[in-house]
Amino acid sequence: MSEQVLTYREALRAGIEQALLDDERVFLMGEDVGRYGGCYGVSKGLFERYGAKRIIDTPLCESGFVGVGVGAALGGMRPIIEVMTVNFSLLAMDQIVNSAATLRHMSGGQLNVPLVIRMACGAGLQLAAQHSHSWENFYAHIPGLKVLSPATHNDARHMLIQALADPDPVIIFEHVMLLNTSGEVLEQSEASMEKALIRQQGTDVSLITYGGSLGKALAAAKQLKDLNISAEVVDLRCLRPLDTKTIIASVTKTHRAIIIDEAWLTGSLAGEISAIIMEQAFWHLDAPVKRLCTAEVPIPYPSHLEQAALPQVEQIVTAAQAIMAAR
Amino acid sequence: MKHKLHLDRVHLLAQLKQMLRIRRFEEKCAELYGQEKIRGFLHLYIGEEAIAVGVMSALSAKDNIVATYREHGHALARGLSMKSILAEMYGRTNGCSRGRGGSMHLFDKNHNFYGGNAIVGGGLPLAAGLAMANKNQDKQALTVCFFGEGAVAEGEFHEAMNLAVLWKLPVLFVCENNRYAMGTALALSESETNIAKKASSYGMAAEQVDGMNVVDVEAASIKAVEQIRQTNKPYFLECQSYRFRGHSSFDGQLYRDKAEVKLWQEKGPVIRLITWLKENNHLEDEELSNIEAEIKAEIQAAIDFAEQGQWEPISDLAKDVYSPPASSTNTSHATNKSQGEQL
């Protein structure tokens, strides 16, 4: 086995399975992860293979079972907690933010919380305003947490193992539009989990993105090539801590940056990255930084409105043309 | 191994001393707060000492403790040194949490003392998780979770009750019912004011105990702990008690009568035990003053220790936000440096 083609869902499942095989302290816990096979089918079949002690169905009590995960991690286990979607994770935010993220620092370094929380995020399935949001930035705001956004199948396969090897709490966001897509999976990760990767080399403009928007940025880069614009695509992969070095190196090379971020514009990670570029690469810029984010509305149900709310390939292409024209 | 209740004189004097240590320590803390040696919030346990002392004496060193922001008494009764507790309240690096947490966040891994949690109800799921880890790893340890009756109104209380019973987790839930959630009386916050009854509706063994009587609390705890160790199932103790001081350092106590406070003070756990011991000729005035003198010396030593503590250098501000990078693995690259760069 050198490389194989898997769906994103299969890649996630293979990662969980490897974790269960590698370390008997690992267990998967969440709503309907067992007998049902996972709300999005990620853990299908694992209950049958690993049993009720390691694949644990929970009642609907996000704060309760995420808190149990924090306690179990303190007690020497390596829990993988699945929260169905980022929207539901708000019910567990107390345990994530007030406990998991603070315990190490607040205890003077005595305790650590080796916990991994996986959650689905993102729009595109017409799931409307309570199941579709991109709130990675909520968690990326919190010192003590690490936040991952696997955008490729290889990262879907390997990031979980990297997260479990980390002694601190890690949150992994899995974009729902990626689940059914297929892609190449290598035998190992291309880089440490905290490193951003250049997915497409280019010289004219940096398209900086993560998660569900990576595919859109790559598609835009392809179209831009036909328009004689060489776009570089930066896949952030880790949203906290941000790999500032890779971002700055890319912008220093291209002198232009467009940030594509499925979150709402105000208070977004796109704003954070823009500020970092301003602080560290201002004199290298040939044009103002551009942010392409989701329209500031609760995600609506009908497809045409949902799609109108999200950043799209055409907008990226147009923005790149505009940024090239600005002199 | 069965843990028997020893109602002999030596044990009762030891329990009295533990309660008095907490009482005198906290009285001094209030004084030090007035002198601005201790800052932030200060939640005193005065009046409730019998609960921590009674419960802790039923535990083994392997057991885990999860407490609240009113936890000086629990920390002392668990065996954390008075020095490290006071230094923590001074915010010095010789404190039990390196001065990072203060009064509300006492931690000591060596005593399996997991805080010091200042989100009401937040400790309950955490305690259930520690219990799950103990059970799954056959550690033969149980987890004790202390919380006030105010937490009973929180969703996390009910989630934790359900999970602990559903999954048969070895947890002892100790509700310290001091009758006021900050300033809101029990009857104004609970549809059912019998908290043990509420817990038992989850299918858990639950009982009410006189939390002002250290012997009752210890006896009930021994029974509970024994049952948990045998069955691996949770157990619930509602200890009925009263807080003699305000909720915190900022409390005008407008919500209760002075007469009510006085009434409870008269049946306080310390005075009650002293009276009983004296009436039964188990305690001489001289013995009591010797105990008081020992405690006074311990408190003075704690103050000296705290005063001599160092302030953490500002250069260490971001230390321990994340664990240091593991040298053996190349998968993790967490460093405080990268954190520092973001600041």
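Residues numbered from 1 in each chain as written. Chains lettered and ligands numbered in written order. Predicted model: local features only at pLDDT ≥ 70, side-chain atom pairs only at ≥ 80, totals over all residues. Heavy atoms only, no water.

## Digging into the sheet that holds strand E8 (residues 235-240) of chain B
In a beta sheet, neighbouring strands pair by backbone hydrogen bonds and run either parallel or antiparallel.
All names here are of chain B.
Next up, step 1: Read across the open sheet, the six strands follow the order E2-E1-E3-E4-E8-E7; overall the sheet is parallel. Pairing within the sheet leaves two strands with one partner each, and these edge strands are strand E2 (113-117) and strand E7 (205-210). Across the sheet, the mean angle from the axis of one strand to that of its neighbour is 15°, orientation sign disregarded.
Next up, step 2: Across six bridges, the pairing between strand E3 (residues 143-148) and strand E4 (residues 171-177) is parallel. Looking at E4, one finds that Cys 145 is bridged to Phe 173.
Next up, step 3: The sheet contacts of helix H9 (residues 214-231) involve E4, E7 and E8, and relative to E7 the element is tilted by about 165°. (Pairing = 2+ DSSP bridges. Helix = DSSP H or I, 4+ residues; strand = E, 2+ residues; numbered from the N terminus. Axes fitted to C-alpha atoms, helices over the stretch in contact; angles between N-to-C directions. Contact = heavy atoms within 4.5 Å.)

## Description of the nonpolar core
Side chains that are nonpolar tend, in soluble globular proteins, to be buried together.
Next up, step 1: A:Ile208, A:Ile277, B:Phe147, B:Phe173 and B:Phe236 are the most contacted members of the largest nonpolar core, which totals 87 residues.
Next up, step 2: Formed jointly, this core draws a minimum of three residues from each of two domains, domain 1 (4-185) and domain 2 (197-325) of chain A.
Next up, step 3: If we skip the residues at most four places from it in the chain, A:Ile208 touches A:Val234, A:Leu236, A:Ile247, A:Val251, A:Ala257, A:Ile258, A:Ile259, A:Ile260, A:Ile273 and A:Ile277.
Next up, step 4: One finds B:Leu13, B:Leu16, B:Leu59 and B:Ile85 within the second-largest nonpolar core, a separate group that totals 73 residues. (Core = buried A, V, L, I, M, F, W, Y, C linked by side-chain atoms within 4.5 Å. Buried < 20%, exposed > 50% of the residue type's maximum accessible area, 1.4 Å probe, protein only. Domains from an automatic or database assignment.)

## So, the packing of helix H3 (residues 62-74) of chain A against helix H6 (residues 155-166) of chain B
In a pair of packed helices, the angle between the axes and the distance between the axes together describe the arrangement.
Next up, step 1: Where H3(A) contacts H6(B), the two axes come as close as 8 Å, and the packing angle between them is 65°. Our pair here, H3(A) against H6(B), has a crossing hand that is right-handed. Residues A:Glu62, A:Ser63, A:Gly64, A:Phe65 and A:Val68 of H3(A) form the contact with H6(B), whose participating residues are B:Glu156, B:Glu159 and B:Leu163.
Next up, step 2: Its residues assigned to classes, the contact of H3(A) with H6(B) shows three nonpolar, two polar and three charged. (Left-handed = near helix turned anticlockwise from the far one by under 90°. Nonpolar A, V, L, I, M, F, W, Y, C, P; charged D, E, K, R; others polar.)

## Some remarks on unusual backbone geometry
Next up, step 1: Looking along the chain, the bond that leaves A:Arg240 and enters A:Pro241 is cis, with omega of -5°.
Next up, step 2: Counting through the fold element by element, A:Pro241 comes out in the loop between strand E12 (238-240) and helix H10 (244-254).
Next up, step 3: Note the cis peptide between B:Gly115 and B:Gly116, where omega equals 20°.
Next up, step 4: Along the polypeptide, B:Gly116 turns up in strand E2.

## As for the domain arrangement of chain A
Residue and element names in this part refer to chain A.
Next up, step 1: Here chain A is partitioned into domain 1 (4-185) and domain 2 (197-325).
Next up, step 2: Once you take the C-alpha centre of each, domain 1 and domain 2 turn out to be 26 Å apart.
Next up, step 3: Contact with domain 1, which involves 31 residues of that partner, is made by 26 residues of domain 2.
Next up, step 4: Across the domain 1/domain 2 interface, buried area totals approximately 2,100 Å², and carbon plus sulfur atoms make up 56% of it.
Next up, step 5: Three residues stand out in domain 1 for area buried against domain 2, namely Gln 126, Asn 137 and Ser 149, and they jointly supply 24% of the buried area on that side.
Next up, step 6: Counting across the domain 1 and domain 2 interface gives two salt bridges.
Next up, step 7: Its salt-bridge partner being Asp 155, residue Arg 237 comes within 2.8 Å of it at the nearest N-O pair.
Next up, step 8: For the pair domain 1 and domain 2, the number of links is 17 residue pairs in polar contact (both at pLDDT 80 or more).
Next up, step 9: For the side of domain 1 that touches domain 2, the secondary-structure elements that each account for two or more residues are helix H7 (136-140), strand E6 (146-148) and helix H8 (153-165).
Next up, step 10: Per-element tally for the side of domain 1 that touches domain 2: the top contributor is H7, with four residues. (Buried area = accessible area lost by both parts, 1.4 Å probe. Salt bridge = Lys/Arg side-chain N within 4 Å of Asp/Glu carboxyl O. Polar contact = N/O pair within 3.5 Å; in protein donor to acceptor, adjacent residues only side chain to side chain.)

## Structural notes on the pattern of salt bridges
Next up, step 1: All told, the structure shown has 33 salt bridges over all chains when counted by the stated rule.
Next up, step 2: Between B:Arg24 and B:Glu27 there is a salt bridge, and its shortest N-O distance comes to 3.1 Å. Taken as a pair, B:Arg24 and B:Glu27 lie in helix H1 (residues 9-34) at a separation of three residues, close to a single helical turn.
Next up, step 3: Residue classification places B:Arg24 among the partly exposed positions, given a relative accessible area of 26%.
Next up, step 4: Among the ionic contacts, a cluster of salt bridges with common partners joins A:Asp155, A:Glu190, A:Arg199, A:Asp235 and A:Arg237.

## Details of the interface of chain A and chain B
Next up, step 1: Between chain A and chain B, the residue contacts involve 51 residues of the former and 43 residues of the latter.
Next up, step 2: For the pair chain A and chain B, the two sides together bury roughly 3,800 Å², of which 59% comes from carbon and sulfur.
Next up, step 3: It is A:His105, A:Met106 and A:Gln110 that lose the most area in chain A upon contact with chain B, and together they represent 17% of the buried surface on that side.
Next up, step 4: Summed over the shared surface of chain A and chain B, the number is one salt bridge.
Next up, step 5: Between A:Arg104 and B:Asp320 there is a salt bridge, with the nearest N and O atoms lying 3.0 Å from each other.
Next up, step 6: Counting across the interface, chain A meets chain B through 20 residue pairs in polar contact (both at pLDDT 80 or more).
Next up, step 7: Ranked by the residues each element gives to the side of chain A that touches chain B, the list is headed by H3(A), at 10 residues.
Next up, step 8: Of the residues assigned to the side of chain A that touches chain B, the class counts are 22 nonpolar, 19 polar and 10 charged.

## Brief notes about the packing of aromatic side chains
Next up, step 1: Under the counting rule described, the total for this entry stands at 13 aromatic pairs over all chains.
Next up, step 2: Both rings, one in A:Trp135 and one in A:Trp264, keep their centres 6.2 Å apart while their planes meet at 55°; by these two values the pair is tilted. Of this pair, A:Trp135 sits in the loop between strand E5 (116-121) and H7 while A:Trp264 sits in strand E13 (residues 257-264); the two residues are 129 residues apart in sequence, bridging distant segments of the chain.
Next up, step 3: Connected via pairs of aromatic rings, a cluster forms that spans B:Phe147, B:Phe157, B:Phe173 and B:Phe236.
Next up, step 4: If you follow B:Arg92 out to its NZ or CZ, it ends over the ring of B:Trp311, 4.0 Å from the centre.
Next up, step 5: The ring of B:Trp264 has B:Lys267 sitting right over it, with the charged end atom 4.0 Å from the ring centre. (Phe/Tyr/Trp six-rings, centres within 6.5 Å; stacked < 30°, edge-to-face > 60°. Lys NZ or Arg CZ within 6 Å of the ring centre and 35° of its normal.)

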